[in-house]
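Each chain is listed here by its residues.
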Amino acid sequence: MWGAIEHLGRDGRTGGYLRDAWSPADRELREWFRQEAERRGLDLREDRNGNLWAWWGDPSGRPGVVTGSHLDSVRQGGAFDGPLGVVSAFAALDALRARGAEPARPLGVACFTDEEGARFGVPCVGSRLLTGVLDPDRARGLTDDEGDSLAEVLSRAGRDPGALGRDDETLRHIGVFLELHVEQGRGLVDADAPVGVASAIWPHGRWRFDFRGQANHAGTTRLDDRDDPMLPFARTVLRAREAAERAGVLATFGKVRVSPNNANAVPGLVSAWLDARGGREDAVRALVAELADSSGAEVSAESWTPVVDFDADLRDRLAAVLGGAPALPTGAGHDAGILAAAGVPSAMVFVRNPTGISHSPDEHAETSDCHAGVAALADALEDLCRS
Ligand SMILES: [Zn+2]
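Residues numbered from 1 in each chain as written. Predicted model: local features only at pLDDT ≥ 70, side-chain atom pairs only at ≥ 80, totals over all residues. Heavy atoms only, no water.

Draft legend 1. The arrangement of the coordination of the zinc ion in detail. Within the protein, the zinc ion binds to His70 (NE2), Asp81 (OD) and His181 (NE2); these donor distances fall in the range 2.0 to 2.2 Å. Read from N- to C-terminus, the donor residues coordinating the zinc ion fall into the pattern H-x10-D-x99-H. Of this pair, His70 sits in strand E3 (residues 64–70) while Asp81 sits in the loop between E3 and helix H3 (83–98), and the two are 11 residues apart along the sequence. In this pair, the class of His70 matches that of Asp81, namely buried. (Donors = N, O, S within 2.8 Å, 3.2 Å for Na, K, Ca; no water. Helix = DSSP H or I, 4+ residues; strand = E, 2+ residues; numbered from the N terminus. Buried < 20%, exposed > 50% of the residue type's maximum accessible area, 1.4 Å probe, protein only.)

If you want it as structure tokens, here you go:
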């Protein structure tokens, strides 16, 4: 399975992945998912929000045990973030069948749409729409770098943008959700363990800062006459780093749009995106408020996810099934976190990442650890499907 998707959306120059939601690469990945479901005789469904579900058994009677992740990537991302969870889900299902397991509950493999938010700026769009925490009107109006709205992009992909929104029927099918994911830090390296379980997801959010000035000629505009928005932006980046160190949280400006973006022009507008997260919500909030205050920019909140503490019983049960796997918190958001916050019992299995590097072409997991992840997932599913 890995070999069938490895090349999709891969930038031959950098080795990084470009798998924006609803891009041609995404379309091919969705088609691959459909074929894998078909090959196994699973019942494939696409919900109102573009999420894919492949069912072994019928979840309309009794809610099922669902596992999966996402297939989209950040721009120039790695191979493992997302796809490892989807490939492992199919592989774990195969392992259960090879063991002759006959699940007492329906078993589903899920692929959530637009988890990374690389194209439209808001992460976990599929799971947020599904659970109703993202307003469908707002979602339809989100625009990509080309100025195309999500509504237009969905229409071109043959989907009905009017159908977006909370989907109780699909939610009723999910009894438990289990997401396997490559670890995006070095917690398991430190713990000397190939797999672990998640304890919590830190509160995190994204904010857009618009710094406005006056676009003008770089050669003829005197320094005194300039209204250059790059300067307050630069000061805000430095202040973010200082404030984050002081507060013991993380703050990142990783995306900037400059207009008109000419080498020989003072910019007229700098739009920059702040990603802030940490163990304590009040500390993250205070940092954003401080930066918003001092920046002079127009600041709009694009997304916010409160702390997610995963279901403790489920986590402990999972850790026990996995032979005492370590539990660790993460600063990364996941669809499992969105579902957990919406009251769906959810848990995560992490697979060791030897360098901790993620959202980069250098993201890696050893094949033996990936196999350990599949075995762990199969054990966990077998246990959860037993009754
Ligand atoms: Zn991911």
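Having seen the structure, we can now continue with the description.
Draft legend 2. Just the side chain of Ser360, in detail. Here Ser360 lies in the loop between strand E15 (346–351) and helix H13 (367–384). A polar contact is formed between the side chain of Ser360 and the backbone nitrogen of Asp362, at a distance of 3.0 Å. If we skip the residues at most four places from it in the chain, Ser360 touches Gln76, Gly77 and Gly78. (Polar contact = N/O pair within 3.5 Å; in protein donor to acceptor, adjacent residues only side chain to side chain. Contact = heavy atoms within 4.5 Å.)

Draft legend 3. Molecular detail of helix H11 (residues 312–321). Residues Leu314, Leu318 and Ala319 constitute the buried set of H11. The arc enclosing the buried residues of H11, seen along the axis, measures out at 130°, which places them on a common side. Turned more than 90 degrees from where H11 packs its buried face, Asp313 and Ala320 sit exposed. For H11, the secondary structure elements touched by its buried residues are strand E5 (174–182), strand E6 (195–201), E15 and H13. (Arc of directions from axis to C-beta.)

Draft legend 4. Summary view of the nonpolar core. Counting 50 residues, the largest nonpolar core has Trp32, Phe33, Leu178, Leu318 and Leu381 as its most contacted members. Dropping the residues within four chain positions of it, Leu381 is found in contact with Val65, Thr67, Ala92, Leu96, Leu107 and Leu178. Within the second largest apolar cluster, 22 residues are counted, among which are Val66, Phe177, Ile201 and Phe310. (Core = buried A, V, L, I, M, F, W, Y, C linked by side-chain atoms within 4.5 Å.)

Draft legend 5. Just the packing of H11 against H13, in detail. Where H11 meets H13, the closest approach of the two axes is 9 Å, and the angle between their N-to-C directions is 125°. As far as their axial angle goes, H13 and H11 are oblique. Of the two elements, H11 crosses H13, and the hand of that crossing is right-handed. Of the residues in H13, those touching H11 at Leu314, Arg317, Leu318 and Val321 are Asp379, Ala380, Asp383 and Leu384. (Axes fitted to C-alpha atoms, helices over the stretch in contact; angles between N-to-C directions. Parallel < 35°, antiparallel > 145°, perpendicular 65-115°, else oblique. Left-handed = near helix turned anticlockwise from the far one by under 90°.)

Draft legend 6. Seen up close, the environment of Gly356. One can find Gly356 in the loop between E15 and H13. Between the C-alpha atoms of Gly356 and Arg186, which are 170 residues apart in sequence, the distance is 4.6 Å.

Draft legend 7. Examining unusual backbone geometry more closely. Cis peptide bonds are those with omega within 30 degrees of zero, and the linkage from Ser259 to Pro260 qualifies with 5°. With respect to the helices, strands and loops of the structure, Pro260 is situated in the loop between strand E9 (250–259) and strand E10 (265–266). In the Ramachandran plot, Trp22 falls in the positive-phi region, its phi being about 65° despite a non-glycine side chain. Tracing the sequence through the fold places Trp22 in the loop between helix H1 (2–5) and helix H2 (24–39). Positive phi values are uncommon outside glycine, yet His359 reaches one of about 55°. On the secondary structure map, His359 appears in the loop between E15 and H13. The class of His359 is partly exposed, set by a relative accessible area of 41%.

Draft legend 8. Main features of the state of the cysteines. The final tally for this structure, using the stated rule, is 0 disulfides. Cysteine Cys370 shares no disulfide, and the gap to the nearest cysteine sulfur, in Cys111, comes to 18 Å. Residue Cys385 stays outside any disulfide, its sulfur separated by 20 Å from that of Cys111, the closest cysteine. (Disulfide = S-S within 2.5 Å.)

Draft legend 9. How the structure looks around the environment of Cys111. Take Cys111: it is sitting in strand E4 (residues 107–112). Cys111 sits 22 residues away from Ala89 along the chain, and the two C-alpha atoms are 9.9 Å apart.

Draft legend 10. Structural context of the packing of aromatic side chains. The final tally for this structure, using the stated rule, is 10 aromatic pairs. A cation sits over an aromatic face here: Lys255 above Trp273, 4.8 Å from the ring centre. Residue placement shows Arg285 over the ring face of Trp304; its charged tip is 4.1 Å from the ring centre. (Phe/Tyr/Trp six-rings, centres within 6.5 Å; stacked < 30°, edge-to-face > 60°. Lys NZ or Arg CZ within 6 Å of the ring centre and 35° of its normal.)

What is shown is where atoms sit, not what they do.
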